[in-house]
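# Results of the structural survey
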Amino acid sequence: MSTTIALFGAGAMGSAVGRRLVESGARVVTFLEGRSSATLERARAAGLEAVPLPAFGGADIVLSIVPPAEALAVAERVAPVLRAGRGKPAFIDLNAVSPKTMERLAAGLATTGAKVLDGSIIGGPPVPGKAGPVVCLSGDLAGEPELLSRFGLKVRPVKGPVGAASALKMCYAGINKGIVGLSSAMLLAAARNDASEALKVELAESQAELLKRLGHSIPDMFPKAYRWVAEMEEIAEFLGADDPAALIFKGMAGLFQTIADDRNGSRELIATLERMLEDGH
């Protein structure tokens, strides 16, 4: 009997995860109503099957892989389907949200009768020939890790209730993406204050490995910056109003929004960062 996995979200990450599942023998269905032609083509190329949303009720598992700002809305949209379905597939949220957001999401699905699991994805989209990324899962886990592992995903159970996997994601992303944001901010500050060349010399001499890493990670961030805005806001919420560090990530959200706007506008900031990193590869 074939396994059907319903996937809400056929973006860069979602479609790549879907492709990995399909290549490993799963039937992957997705909901594409109102999506762009680029998303439709990406889903088609990944082997995903477009279905009406009610068809999600017949799946074995439902995965949500969307930008963090959309996570609650997706759960609300899927809730009536889960409530009406007979099979009650587990709903697994794999988005970069705070534990508090995850708890709100789970509470909104409580009346559906479906099990809700907390998940997070650490690493980039799946690439042929490589094992990653890691899918972390927490909550009342039963056969879900084994099922997803069987279809090509690298799954790591996280001890703890719903919220534990999200806490891990917040901490990891805060470090990983925080370094990208902080470095971008200071490179731009150096450019504004005629310190670009001096900073590059110092970094090349004392932080060569970091400079090399930034030469890849900062340009890789440009097309993703708009998605990172809400993620930084989730990290700020995760830290809490009493933690002064929360202000850092509220600032990071503003920085990534500025870079996202620049990418859709003059691209002046992006050009500045690219110039400063051209020898950093």
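Below is a summary of the structure that appears in this document. (Residues numbered from 1 in each chain as written. Predicted model: local features only at pLDDT ≥ 70, side-chain atom pairs only at ≥ 80, totals over all residues. Heavy atoms only, no water.)

## With respect to the overall build of the protein chain
Within the protein chain one finds eleven helices and eight strands. Taking 2.2 N^0.38 as the reference for a compact globule, 281 residues should give roughly 19 Å; the C-alpha atoms of the protein chain span a radius of gyration of 20 Å, in line with that estimate. Expressed along its principal axes, the backbone C-alpha trace of the protein chain runs to roughly 65 × 45 × 30 Å. Expressed as a percentage of the 281 residues in the protein chain, the buried residues total 49%. Considering only contacts in the protein chain between residues 6 or more positions apart, those separated by 24 or more positions represent 69%. Total accessible area on the protein chain is roughly 13400 Å²; 55% of this is exposed by carbon and sulfur atoms. Where the 30 positive side-chain charges of the protein chain centre and where its 31 negative ones centre are 7 Å apart. (Helix = DSSP H or I, 4+ residues; strand = E, 2+ residues; numbered from the N terminus. Rg over C-alpha atoms; globule rule 2.2 N^0.38 Å. Buried < 20%, exposed > 50% of the residue type's maximum accessible area, 1.4 Å probe, protein only. Contact = heavy atoms within 4.5 Å. Areas by Shrake-Rupley, 256 points an atom, 1.4 Å probe, with all protein chains shown as cover. Lys, Arg positive; Asp, Glu negative; His and termini not counted. Charge placed at Lys NZ, Arg CZ, Asp CG, Glu CD.)

## Section: the pairing of strand β8 (residues 154-157)
Alignment of strand β7 (residues 134-138) against β8, held across four bridges, turns out to be parallel. Paired with valine 134 across the bridge in β8 is lysine 154. Handedness of the crossover joining β7 and β8 through helix α5 (residues 144-150): right-handed. (Pairing = 2+ DSSP bridges. Right-handed = clockwise from strand over helix to strand, strands pointing away.)

## Details of the sheet that holds strand β4 (residues 61-64)
What the eight strands build is an open sheet, ordered β3-β2-β1-β4-β5-β6-β7-β8; its pairing is mixed. One side of each edge strand has no neighbouring strand; the edge strands of this open sheet are β3 (49-50) and β8. One ladder, built from four bridges, connects strand β1 (residues 4-8) with β4; its direction is parallel. Pairing of isoleucine 5 across the sheet is with isoleucine 61, part of β4. Across the sheet, helix α3 (residues 71-84) is in contact with β1, β4 and β5 (90-93); its angle to β5 comes to roughly 175°. (Axes fitted to C-alpha atoms, helices over the stretch in contact; angles between N-to-C directions.)

## Let's talk about the packing of helix α6 (residues 164-192) against helix α11 (residues 268-277)
Packing of α6 against α11 leaves a shortest axis separation of 10 Å and a crossing angle of 90°. Taken together, the axes of α6 and α11 lie roughly perpendicular to each other. Residues Ser184, Leu187, Leu188, Ala190 and Ala191 of α6 lie in contact with α11, whose contacting residues are Leu269, Thr272, Leu273, Met276 and Leu277. (Parallel < 35°, antiparallel > 145°, perpendicular 65-115°, else oblique.)

## Digging into the packing of α6 against helix α9 (residues 225-239)
For the pair α6 and α9, the least separation of the axes is 10 Å and the interaxial angle reads 120°. With respect to their mutual orientation, α6 and α9 come out oblique. Read as a crossing pair, α6 and α9 show a hand that is left-handed. Taken together, the residues of α9 that come into contact with α6 (itself represented by Ala167, Lys169, Met170, Cys171, Ala173, Gly174, Lys177 and Val180) are Trp228, Glu231, Met232, Glu234, Ile235 and Phe238. (Left-handed = near helix turned anticlockwise from the far one by under 90°.)

## Overview of helix α7 (residues 196-206)
Note: α-helices contain 3.6 residues per turn, so residues at a spacing of three or four share the same orientation. Along α7, the residues that are buried comprise Ser196, Lys200 and Leu203. Seen along its axis, α7 keeps its buried residues to an arc of 70°; they face one direction. Turned more than 90 degrees away from the buried face of α7 sit Glu197, Ala198, Val201, Glu205 and Ser206, all of them exposed. (Arc of directions from axis to C-beta.)

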